[in-house]
Amino acid sequence: AASGRALCGALRVVGQPPVRGLRASPPSRSSMPSWVIDRYGRNDVLRFTRDMLFPIIHFPNEVIIRVHAASLNPIDLSMRSGYGAAALNMKRDPLKLKSTEGEFPLTLGRDVSGVIMECGLNVSYFKPGDEVVWAAIPPWKQGTLSEFVVASGNEVSFKPKCLSHIEAASLPYVGLTAWSAVKQVGGLNQSNCGGKRVLILGASGGVGTFAVQLVKAWGAHVTAVCSQDASTLMKKLGADEVVDYKAGNLEEQLKTLPLFDFILDNVGGSTEKWALDLLKKWSGATYVTLVTPFLINMDKLGVADGMLQTGVTVGSKTLKHLLKGVHYRWAFFAPSGPSLDEIAELVDSGKIQPVIDEVFTFSEVPKAFEKLEGGHARGKTVINVISKQ
């Protein structure tokens, strides 16, 4: 237990709340500090305010969390720029009773580690004052770069006991994205992953560092693709082989290796044109990509036509590759408290560690976005919302 707990330290590479449905005394104030955007654009659209409306419990299964730490993900850059606005606005307001302008001010940030402040009447698994919760808030809800955030109870989990709030905030979104890709879509799990050859493209980012550890914990042979300066990190995380994509033609480098049973593609682009040829044919081998045109289609074509075009695309690609003896899949982030429960067990057992690139204070949120936008991250960019933890 002591050794497992030691492994849990993060790897550092550098309106008034309503009474309805409530099980706690509401705070006496109606606003809170937040980082918001009032329009889509680049970093200059980020605005700090102390007057963001306090989150409201609308449904009896919701909780309000006081945010101790949050972290940034590439989706925050995309949402800041308006990517996916059509689909996400429709999800926020399915009947389109409001205009898109009604979505502002919008708070970004998906990850949270913090304390339960209030609970809806149907929430029994948590209670006000629980200090050890984490969650990933779906993109169609207000985000976590704020003092408080509302979440559904089924999106929340007790965080790993061995992690601080800063460490815990680095994991939920990337962890659930990797979990969805590897387990839910890819079909790998602890009982069938042993000995399989797994290739992770884009291994040094948030999802990649988690995925490398996850499949290694399940007994896979892991090949990680990253730049040379991330190779030491990959080895620490358990990768059996590390391939430097800058050391020559990546496709040719990978063709010299034995074929793979599973590929997770965090990169997309031209890799999709040749990566599936690296899989073992007619063996159930699977390629899963996290880079899809789903939101782009909706932004360009509208929700209905965008969904239709997306369905046609994935259907044709799936059939095309199935006829060649391999499985082609798309994967997406999926909020899930029960999945976070399983991830927490892996973290507490020392099999998965958070990988943090840099920590910023709450006043430095624009700098954190600049860091993320610069690319080549080695793990996660974390925001320390409460300075003393």
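Computed from a prediction, not measured in an experiment: that's the story for all the values here.

A. Representation of helix α5 (residues 172-185) in the model. The sharpest bend along α5 reaches about 30° and sits at W179. Taken across its 14 residues, α5 has 11 buried, putting it largely inside the fold. The set of residues buried in α5 consists of P172, Y173, V174, G175, L176, T177, A178, W179, S180, A181 and V182. Within two residues after α5, G187 carries a phi angle of roughly 80°, on the positive side.

B. Fine view of the packing of α5 against helix α6 (residues 206-217). Where α5 contacts α6, the two axes come as close as 8 Å, and the packing angle between them is 55°. Judged by the angle between their axes, α5 and α6 are oblique. For α5 against α6, the interelement crossing comes out right-handed. Residues V174, G175, T177, A178, W179 and V182 of α5 lie in contact with α6, whose contacting residues are G206, V207, F210, A211, L214 and V215.

C. How the structure looks around the sheet that holds strand β14 (residues 286-289). One open sheet holds the 6 strands; their spatial order is β12-β11-β10-β13-β14-β15, and the pairing between them is parallel. Since the sheet does not close on itself, it has two edges, and those belong to β12 (241-244) and β15 (327-330), each with one partner. Pairs of neighbouring strands in the sheet enclose a mean axial angle of 15°, with direction left out of account. Bridge count between strand β13 (residues 262-265) and β14: 4 bridges; the pairing is parallel. Bridge pairing links L264 to V288 in β14. Packed onto the sheet, α5 meets β13, β14 and β15 and runs at close to 155° relative to β13.

D. Molecular detail of the packing of α5 against helix α12 (residues 337-348). Their axes nearest at 10 Å, the elements α5 and α12 cross at an angle of 100°. It follows that α5 is roughly perpendicular to α12 by the angle criterion. Contact residues: P172, G175, L176, W179, K183 and Q184 in α5; S339, L340, E342, I343 and L346 in α12. Looking at the contact of α5 with α12 residue by residue, the classes come out as 6 nonpolar, 3 polar and 2 charged.

E. Broad picture of α12. Across its 12 residues, α12 extends 16 Å between first and last C-alpha, which sits within 8% of the 16 Å expected from 1.5 Å per residue. What α12 keeps buried is the set G337, S339, L340, I343, A344, L346 and V347. For α12, the arc enclosing every buried residue in end-on projection is 160°, short of the 170-degree limit, so these residues lie on one face. In this structure, α12 carries P338 and E345 as exposed residues pointing more than 90 degrees from its buried face. Taken together, the buried residues of α12 touch β7 (133-136), β9 (156-158), α5 and α6. Once α12 ends, the next one or two residues include G350, with phi positive near 85°.

F. How the structure looks around the packing of aromatic side chains. Under the counting rule described, the total for this entry stands at 10 aromatic pairs. With a centroid separation of 5.0 Å and an interplanar angle of 65°, the aromatic rings of Y40 and F104 are classed as edge-to-face. You can see Y40 sitting in the loop between β2 (31-37) and β3 (46-53) and its partner F104 sitting in the loop between α3 (85-92) and β5 (106-107), a full 64 residues away along the chain. For Y40, a relative accessible area of 29% gives the class partly exposed. Three or more aromatic residues joined by ring pairs make a cluster, and in this case those are W35, F48 and F362.

G. Inspection of the pattern of salt bridges at higher detail. Scanning the entire structure with this criterion turns up 15 salt bridges. With a closest N to O distance of 2.6 Å, D38 and R47 form a salt bridge. For D38, a relative accessible area of 36% translates into the label partly exposed. A salt bridge links D240 to K216, with the shortest nitrogen-to-oxygen separation between them at 2.9 Å.

H. Inspection of the environment of S124 at higher detail. Along the polypeptide, S124 turns up in the loop between β6 (111-119) and β7. Separated by 29 residues in sequence, S124 and G153 place their C-alpha atoms 8.9 Å apart.

I. Molecular detail of the nonpolar core. The biggest cluster of nonpolar side chains holds 80 residues, and the ones touching the most others in it are I65, L145, V212 and M234. In terms of residue count, the dominant contributor to this core is α5 (7 residues). Residue assignment places this core across two domains, with domain 1 (31-171 + 353-384) and domain 2 (186-330) each supplying three or more. Look past the residues within four positions of M234 in its chain and what remains in contact with it is A203, S204, T209, V212, A224, C226, A239 and V242.

J. Layout of the environment of T271. Following the sequence through the fold, T271 ends up in helix α9 (residues 271-275). Along the sequence, T271 and L201 sit 70 residues apart, while their C-alpha atoms lie 8.8 Å from each other. Leaving out residues up to four positions away in the same chain, T271 has contacts with L201 and D265. A distance of 2.8 Å separates polar atoms of two side chains, one belonging to T271 and the other to D265. A polar contact is formed between the side chain of T271 and the backbone oxygen of G268, at a distance of 2.7 Å.

Rules used in this analysis
Sequence order sets the numbering: in each chain, residues are counted from 1 along the sequence as written. Restriction of local features to residues with pLDDT of at least 70 applies here, the model being predicted, together with a cutoff of 80 or more for giving and counting side-chain atom pairs; totals for whole chains, interfaces and linings are based on all residues. Side-chain calculation: all heavy atoms of the structure are included, whereas hydrogens and water are not. In this analysis the local bend is the angle between axes fitted, respectively, to the seven residues ending at and the seven residues starting at the residue. Think of it this way: any DSSP run of H or I at least four residues long counts as a helix, any run of E at least two long counts as a strand, and we number them from the N terminus. Throughout, exposure labels follow a simple rule: accessible area from a 1.4 Å probe, protein chains only, divided by the maximum for the residue type, with under 20% read as buried, over 50% as exposed, and the rest as partly exposed. Helix axes are fitted to C-alpha atoms over the stretch in contact, other axes to C-alpha atoms as well, and angles between N-to-C directions run from 0 to 180 degrees. The scheme is simple: roughly parallel for angles under 35 degrees, roughly antiparallel for over 145, roughly perpendicular for 65 to 115, oblique for anything else. Handedness of a crossing follows from how the near helix is turned relative to the far one, being left-handed for an anticlockwise turn of less than a right angle and right-handed for a clockwise one. Throughout, a contact is declared for two residues whenever any of their heavy atoms are within 4.5 Å. We treat two strands as partners when DSSP finds at least two bridges between them. Side-chain classes follow a simple rule in which Ala, Val, Leu, Ile, Met, Phe, Trp, Tyr, Cys and Pro form the nonpolar group, Asp, Glu, Lys and Arg form the charged group, and the remainder, Gly included, forms the polar group. A helix is expected to reach a length of 1.5 Å times the quantity of its residues less one. It is the directions from the helix axis to the C-beta atoms whose arc is reported. Working definition: rings of Phe, Tyr and Trp (its six-membered ring) pair if their centres are within 6.5 Å, and the pair is stacked with planes under 30 degrees apart, edge-to-face with planes over 60 apart, and tilted otherwise. Salt bridges are counted wherever a side-chain nitrogen of Lys or Arg sits within 4 Å of a carboxyl oxygen of Asp or Glu. Put simply, a nonpolar core is a bunch of buried Ala, Val, Leu, Ile, Met, Phe, Trp, Tyr and Cys residues held in one set by side-chain atoms that sit within 4.5 Å of each other. Domain extents, as shown, originate in an automatic or database domain assignment. We call two N or O atoms a polar contact when they sit within 3.5 Å, provided that within protein one can donate a hydrogen and the other can accept it, with sequence-adjacent residues counted only if both atoms are side-chain atoms.

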